[in-house]
Amino acid sequence: MRVLVLGGTTESTSLARLLAGDARFDVIVSLAGRTRQPRPQPVAVRSGGFGGADGLAAWLRAERIAAVIDATHPYAAQISANAVAACARTGVTMASIPRPAWQPGPGDRWIEAATPQAAVDALGVAPRRVFLSLGRLELQAFARAPQHHYVARLIEQPEGIALPPRLQLIYARGPFDETAERDLLIAHRIDTIVSKNSGGAATYAKIAAARALSLPVVMIDRPHKPAGTIVPDALAARAWLEMMLSSHEPASPSARGV
Ligand code: NAP
């Protein structure tokens, strides 16, 4: 069975590992292509946009894909909308692994912001020292609040975007550990954090560190992300694929009573 995994996340890498070497599945992981050095995958990889829902539908047909698993990031809503539309159009079955959002607990000081722009407004007028735990694309919103000092952590150097003037960049890829996160916040004298509610364990340490230091976190809301059949994790996605496989297999001679 030819399977497309829309990836770029911990979940897609876990699923690729589960399916690699399983002769029943011929798997391609698709990456957005934003990272120059993505994590190595144990299955075939393609990279870059498909050209909207139409392009993805054409690609699914050309590649004879039988099932799509959407394991993309909670904030990557466009590719999920495209996948739902393309699968509906081509009759390809689709499952999605939605990553549960973090929930605020006792001691957390979260300020909800609907968008990165609203997060800029939430910082206020008085200069602050802000840790931006965001993707490269969201950083540009902060260029219009140049009074703050920013520390932003990215996977690699941002190119071709307007950045705030007082910005210090740190390059690192998760998972991160709470003690190191606390040390980083203290060393840079951070008084506010801006974060996406990415969910999962790999980047939660900064939220725990903020709680320990009693720092406010401006939390940018998740976008609406269309989905196929919901499966909780990579193991459940494999079980769903196995179920799809058995429902597609022709009945054996004995099953037909021959
Ligand atoms: P998006 O807004 O959902 O996607 C924009 C376009 O990028 C899609 O329409 C598609 O282009 C292409 N694309 C996205 N994911 C793809 C994939 N796995 N394979 C092939 N093409 C893909 O997502 P985004 O612009 O990548 O990111 C939006 C937010 O999600 C940001 O906050 C980002 O930091 C976060 N995020 C995304 C990823 C990721 O792997 N995408 C990982 C971590 C965080 P076409 O329409 O041309 O097909």
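Preceding this paragraph is the structure being described.
Residues numbered from 1 in each chain as written. Predicted model: local features only at pLDDT ≥ 70, side-chain atom pairs only at ≥ 80, totals over all residues. Heavy atoms only, no water.

## As for the packing of aromatic side chains
As enumerated under the stated definition, the model contains 3 aromatic pairs in all. Arranged with centres 5.3 Å apart and planes meeting at 70°, the rings of Phe50 and Trp59 form a pair that is edge-to-face. Exposure remark for Phe50: the relative accessible area of 15% places this residue in the buried category. Here Trp59 falls in the buried class, since its relative accessible area comes to 17%. Considering the side-chain rings of Phe142 and Tyr150, the 5.7 Å spacing of their centres and the 70° angle between planes classify their relative orientation as edge-to-face. Of the residues examined, Tyr150 reaches a relative accessible area of 0% and is grouped as buried. Above the face of the Phe50 ring, Arg46 is positioned so that its terminal group lies 3.8 Å from the ring centre. The ring centre of Phe176 lies 3.6 Å from the NZ or CZ of Arg153, which sits over that ring. (Phe/Tyr/Trp six-rings, centres within 6.5 Å; stacked < 30°, edge-to-face > 60°. Buried < 20%, exposed > 50% of the residue type's maximum accessible area, 1.4 Å probe, protein only. Lys NZ or Arg CZ within 6 Å of the ring centre and 35° of its normal.)

That is the geometry; function is a separate question.
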